Amino acid sequence: MSASEAEVLAGIAAVARAHVGFQGELRPELRLVEDLELDSLKMLSLALEVENHFRVCLDQEAAIETVGDLVAAIREARDA
Amino acid sequence: MPEPRTLDALLQRAAGFPDTGLRLLDRFERESWLPWPEIHDRARAAAGRIRGTGVAPGERVALVYPTGVGFFDAFFGSLLAGAVPVPLYPPVRLGRLAEYSARTAAMLEAVGARLVLADPGVRRLLGEAVERARPALGCRSLDELDAGPPFQAAVDERALALIQFSSGTTVEPKPVALSQRAVLAQARILNGLWPPRADGVDSGVSWLPLYHDMGLIGCVLPALERPGTLTLIPPELFVARPAVWLRTISRLRATLSPAPNFAYSLCVAKVRDEELAGVDLSCWRVALNGAEPVAPRVLRAFCERFARWGFRAEALTPVYGLSEATLAVTFSELGRGFTSRRFDREPLAAAAEAREQPDGIELVSVGRPLPGFSLEIRDPAGRALAPGRVGRVLVRGPSLMDGYLGRPEATAEALRDGWLDTGDLGFLHGGELFLTGRAKDVLILRGRCHAPSEVEHAVDAVDGVRTGCAVAVSHLPEGAAGEELVLLLEARSELPAADYPALGAAASRAVRTATGLAPDRVAVLAPGSLPRTSSGKLRRQEALRRWLADELRPPAPVTPIRLAGAVVRSSLAMARSRRARGRG
């Protein structure tokens, strides 16, 4: 994992802890709905807070299924 | 100009008031101003484009937009083109696209949508839904349609104004068809409640989604009818930062703002002191609370929490309504604050009688019928009941739906001799309505109705659940902050009781994955525990009643930690029983 990937993952973990009460280790293969056990309200919060944290606008976001997808989407949006 | 009788005529009139309109907040709380004259111009242009696609008068156009100017172009554009707009939810954020597609396809099919108009940003996420439902004119964004001459159709007041869904679901979506006459009647009744005052004009703030009756019909259309000014906050911004709602009310000195019970609860839970620097909520005259059961605990907590920022307890106004009546049916007296009374539990639970009792269950009044509405409490045989007797709530009034679109049997069940059977249970006390529960099978969670079948189908697919033997019900427990989602399911007979907790956890996960709803309680029952009708159908409300009365096995509340504990305990128990068998 490159430094930037690790950094993005750590950022998502911080957001998830602060805003949706997620505890535990965040790994790229975890699925947002099934593994993180977030309901739709928390999912909305996570999306918005992640965007604010990284100052990006996520695209095609409904197709994002895993933490890894989210990391990739954020990195892509930052490079754009 | 004669008094407008249709939404397009209201928009035409509002175009003469350039100081009024909509103020839209983006997700960084930046404002943009959209006066009614501009909305009218844009709508005429959009109508020209929509008409060019070949949509005929009365045909349905589905709209998929986030809160923003695009929604109003498409909504008023469709109306001015003579079509019937059907606002639908935009895609959810992150994950669950498959469920969204199935749900949207079902709703498109239920209304026979000829065209889908969508925000360019969400359009490509609609591919699967559109492929399934195949609207004849496809899914387009407004700006890619050919520009035609601006257009404004002549619309009859008996024509349909819009279609809203009573519950958004993949299984049995019920499209509620509302006439121009009904929608205008509702907007006028609401505006009649807060006439212009000597010390100023009322103005509203809303974060409610525009595909929700309280957002579109309760906020936007009265602002159009007046015409007045309304500020809109994107719903997803509110959910993530509820403080934005309170800050916006304060900054704009707004007087009216509605929300379901859960929003007040979310504010108490999430808003931090430092987010409210300089906030003064004393301007907030009417804080409507509707669309889901009102929890007295939440109202008290909200008053207590925000009194420091000038919130006035007398602003809290519990109301009652349903999409089949366009929106509101009863209102508490304005400026009084909420009223609650305590009633003896037993006769209430048996749906018989309401007797005041000092240490009984606390219920909040939702007030009296709005002007033009009448209300009756009836027994199962349809006879009117005296005040204090519990029965089904029926309403009559000027804004009832025409019916469920394309569903004559469902319409005939709901509408009889001009009366709408709300499917809710309640009683009158001192002339005011108190709700005690539901005769109909519907889940009300976070201000939205869901069909139980949607949740039950998800449970059915879980290995170890007896096929077709799960019920989903929601109710407001005493002292809780909001409605709880309860799953009652039967395990297969070969499943040992030690595996029940793990099965409950699996069912819970399946529901969350399929619907985005998190069950609050799960009870795994032995086969045959759930009550059925003589034809074998599950009786959801009876199952709930028995579960509450402890006549089904009482489940423990589900929290992730408790669940994990239960799973561990259950596997330990299994290991022990294996060892015991090995020794024996």
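Whatever comes next refers back to the structure up there.
Residues numbered from 1 in each chain as written. Chains lettered and ligands numbered in written order. Predicted model: local features only at pLDDT ≥ 70, side-chain atom pairs only at ≥ 80, totals over all residues. Heavy atoms only, no water.

The next subject is the interface of chain A and chain B. Facing the 28 residues of chain A at the interface are 25 residues of chain B. Summed over both partners, the interface of chain A with chain B comes to about 2,500 Å²; 57% of that surface belongs to carbon and sulfur atoms. At the junction of chain A and chain B, the tally comes to 1 salt bridge. In this structure, the salt-bridge partner of Arg241 of chain B is Glu49 of chain A, at a minimum N-O distance of 3.0 Å. Top element by residues in the side of chain A that touches chain B is helix H2 (residues 40–54) of chain A. It accounts for 11 residues. The class makeup of the residues in the side of chain A that touches chain B is 16 nonpolar, 5 polar and 7 charged. (Contact = heavy atoms within 4.5 Å. Buried area = accessible area lost by both parts, 1.4 Å probe. Salt bridge = Lys/Arg side-chain N within 4 Å of Asp/Glu carboxyl O. Helix = DSSP H or I, 4+ residues; strand = E, 2+ residues; numbered from the N terminus. Nonpolar A, V, L, I, M, F, W, Y, C, P; charged D, E, K, R; others polar.)

This paragraph deals with the sheet that holds strand S27 (residues 484–491) of chain B. Residue and element names in this part refer to chain B. Sheet architecture is open: 3 strands sit in the order S26-S27-S28, paired in mixed fashion. The strands lining the two open edges of the sheet, one partner per strand, are strand S26 (465–475) and strand S28 (521–525). Pairwise comparison of adjacent strand axes, ignoring direction, gives a mean angle of 15 degrees for this sheet. Where S27 meets S28, 5 bridges bridge the pair, whose relative direction is parallel. The partner of Leu487 across the bridge, within S28, is Val522. Against the sheet, helix H15 (residues 452–460) contacts S26 and S27, and its axis sits at roughly 145 degrees relative to S26. (Pairing = 2+ DSSP bridges. Axes fitted to C-alpha atoms, helices over the stretch in contact; angles between N-to-C directions.)

All names here are of chain B. Per the stated rule, a full pass over the model turns up 51 salt bridges over all chains. One salt bridge in this structure joins Arg23 and Glu31, with 3.7 Å as the shortest N-O distance. In this structure, the salt-bridge partner of Glu483 is Arg438, at a minimum N-O distance of 3.1 Å. Within this pair, whereas Glu483 is found in the loop between S26 and S27, its partner Arg438 is found in strand S23 (residues 432–438), the two being separated by 45 residues in sequence.

On to the sheet that holds strand S6 (residues 139–140) of chain B, then. Residues and elements named next belong to chain B. Taken together, the 4 strands give an open sheet; going across it, the order is S4-S3-S5-S6, and neighbouring strands pair in parallel fashion. Of all the strands in the sheet, just strand S4 (84–88) and S6 have a single pairing partner and so form its edges. Alignment of strand S3 (residues 60–64) against strand S5 (residues 115–118), held across 4 bridges, turns out to be parallel. Note that in S5 the partner of Val64 across the bridge is Ala118. This element, helix H3 (residues 69–80), spans S3, S4 and S5 of the sheet and lies at about 175 degrees to S3.

Residue and element names in this part refer to chain B. Tracing the backbone shows Glu362 in strand S16 (residues 361–364). Assessed through its relative accessible area of 16%, Glu362 is described here as buried. Among the polar contacts listed, one links the side chain of Glu362 to the side chain of Arg300, at a separation of 2.5 Å. A distance of 2.6 Å separates polar atoms of two side chains, one belonging to Glu362 and the other to Ser340. For Glu362, the residues in contact, after removing those within four places along its chain, are Pro296, Arg300, Ser340, Arg341 and Arg342. (Buried < 20%, exposed > 50% of the residue type's maximum accessible area, 1.4 Å probe, protein only. Polar contact = N/O pair within 3.5 Å; in protein donor to acceptor, adjacent residues only side chain to side chain.)

Residues and elements named next belong to chain B. Where helix H1 (residues 7–14) meets helix H2 (residues 36–52), the closest approach of the two axes is 8 Å, and the angle between their N-to-C directions is 130 degrees. Taken as axis vectors, H1 and H2 run oblique relative to one another. Between H1 and H2 lies a crossing of left-handed hand. Of the residues in H2, those touching H1 at Leu11, Gln12 and Ala14 are Trp36, Pro37, Ile39, His40 and Ala43. The residue inventory of the contact of H1 with H2, partitioned by class, reads 6 nonpolar, 2 polar and no charged. (Parallel < 35°, antiparallel > 145°, perpendicular 65-115°, else oblique. Left-handed = near helix turned anticlockwise from the far one by under 90°.)

Note that every value here comes from positions in space, so none of it alone points to a role or purpose.
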